[in-house]
Amino acid sequence: MKLGEAFGYGEKQEAGEKAELSVVLALLELVRSSAADMDMDAMDENVGKLAVLDYEDEAVSEGIAKLRQAAADLDFDEDETRAELLFKRLSE
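Model, not experiment: these values are computed from the prediction.

Reading the values: the criteria
Residues numbered from 1 in each chain as written. Predicted model: local features only at pLDDT ≥ 70, side-chain atom pairs only at ≥ 80, totals over all residues. Heavy atoms only, no water. Axes fitted to C-alpha atoms, helices over the stretch in contact; angles between N-to-C directions. Helix = DSSP H or I, 4+ residues; strand = E, 2+ residues; numbered from the N terminus. Parallel < 35°, antiparallel > 145°, perpendicular 65-115°, else oblique. Left-handed = near helix turned anticlockwise from the far one by under 90°. Contact = heavy atoms within 4.5 Å. Buried < 20%, exposed > 50% of the residue type's maximum accessible area, 1.4 Å probe, protein only.

Asks: Just to check I follow, could you spell out the packing of helix H2 (residues 21-36) against helix H3 (residues 40-51) for this structure?
Replies: Helix packing for two helices is described by the angle between their axes and how far apart those axes are. Contact geometry of H2 with H3 gives a least axis separation of 8 Å together with a crossing angle of 155°. The orientation of H2 with respect to H3, classified from their angle, is roughly antiparallel. When the axes of H2 and H3 are compared, the crossing they make is left-handed. Residues Val24, Leu27, Leu28, Leu30, Val31, Ser34 and Ala35 of H2 form the contact with H3, whose participating residues are Ala42, Met43, Asn46, Val47, Lys49 and Leu50.

In structure tokens:
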């Protein structure tokens, strides 16, 4: 079983769906681990899932946008760092 399946990620996230903390944290961990493994396909897929969710905190929305830009730039180190920072911020 993959980590994403354990958190109910077999289905696509709908655009505009309100972000649940457990879902966002699981996706951030998937982004971080795929960036560390330099798995572009997995990283891109999970960043895309994060990008379509709605966030109440504007700073988190901006962080997700920066995460998405790093993924588009194929900057694995930046993606890993940003995912870790967002994870820590949301875990507080």
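Structure's up, so let's keep going.
Asks: What am I meant to see in the environment of arginine 89 here?
Replies: Tracing the chain through its elements places arginine 89 in helix H5 (residues 76-91). A relative accessible area of 41% means that arginine 89 is categorised as partly exposed. When the C-alpha atoms of arginine 89 and alanine 59 are compared, they prove to be 9.8 Å apart, with 30 residues separating the residues in sequence. In this view, arginine 89 contacts Asp57, Ala59 and Val60; residues no more than four positions away in its chain are not counted.

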